[in-house]
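A structural walkthrough
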Amino acid sequence: MRAILLASAGAVLLAGCGDGDGTSISIKSEENGAEKTVFSTSTDGAVKIDTPVFKGDINLPAFTLDGADLQLDGLDLYPGSKVRDVKVNARGGEGGVEIAFDSPAPADVVRSWYRGALADAGIRVTGDGMSGQTEGGKPFRIALGDNGGEASQGTITIGN
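Here we summarise the structure given alongside this text.

The next subject is the nonpolar core. Among the nonpolar cores identified, the biggest contains 31 residues, and Val86, Tyr114, Ile142, Leu144 and Ile156 are the most heavily contacted of them. Broken down by secondary-structure element, the contributors of at least two residues to this core are β1 (24-31), β2 (34-41), β3 (46-50), β7 (82-89), β8 (96-103), α2 (107-120), β11 (139-146) and β12 (152-159). Per-element tally for this core: the top contributor is α2, with four residues. Look past the residues within four positions of Val86 in its chain and what remains in contact with it is Thr23, Ser24, Ile25, Ser26, Leu65, Val97, Glu98 and Ile99.

Quick look at the structure:
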């Protein structure tokens, strides 16, 4: 999954552009026992790369990921959702990913949709906070909250 996320982030950066605030992405790794950000974008399109092979700052147009751009272990985002932030922690086999998003429906509606989508995928969910394991055995949780009126915010966390 980590390789897919890294490749997806790179492809989005090369192809994407958008209006207004974009999606921020950060990819962290471990170097000499310490966590290090090796790739990040800001909501305005500023990109930082810090790897042993290449270091640099690049300015690209801001881009916004939406539900059609992202799939996590076969799970789509709620239709019409916009990704606010993607954090990838690539610590060997112990890493994880966290996706923060905004949805155009109240939290109860989005929660019900996710419960149905997870059940359809054969993924068992426990608790109101929706947690369980992916098909690959990674722990996940989905947290949702209302964001005023007919909107909500959520976070999907997979792994540690």
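Now that the structure has been shown, we can carry on.
Our next topic: α2. For α2, with 14 residues, the first-to-last C-alpha span of 20 Å sits near the 20 Å given by 1.5 Å per residue. Regarding α2, the residues found buried are Ala107, Val110, Arg111, Tyr114 and Leu118. The buried residues of α2 occupy an angular sector of 100 degrees when projected down its axis, which confines them to one face. Exposed side of α2, more than 90 degrees from the buried face: Asp108, Ala119 and Asp120 are the residues found there. In the core, the buried residues of α2 are packed alongside β6 (75-76), β8, β9 (125-126), β11 and β12. In the stretch just after α2, Gly122 is the one whose phi turns positive, near 75 degrees.

Rules used in this analysis
Residues numbered from 1 in each chain as written. Predicted model: local features only at pLDDT ≥ 70, side-chain atom pairs only at ≥ 80, totals over all residues. Heavy atoms only, no water. Core = buried A, V, L, I, M, F, W, Y, C linked by side-chain atoms within 4.5 Å. Buried < 20%, exposed > 50% of the residue type's maximum accessible area, 1.4 Å probe, protein only. Helix = DSSP H or I, 4+ residues; strand = E, 2+ residues; numbered from the N terminus. Contact = heavy atoms within 4.5 Å. Expected span 1.5 Å × (residues − 1). Arc of directions from axis to C-beta.

Fair warning: the whole summary comes from geometry, so function is off the table for now.
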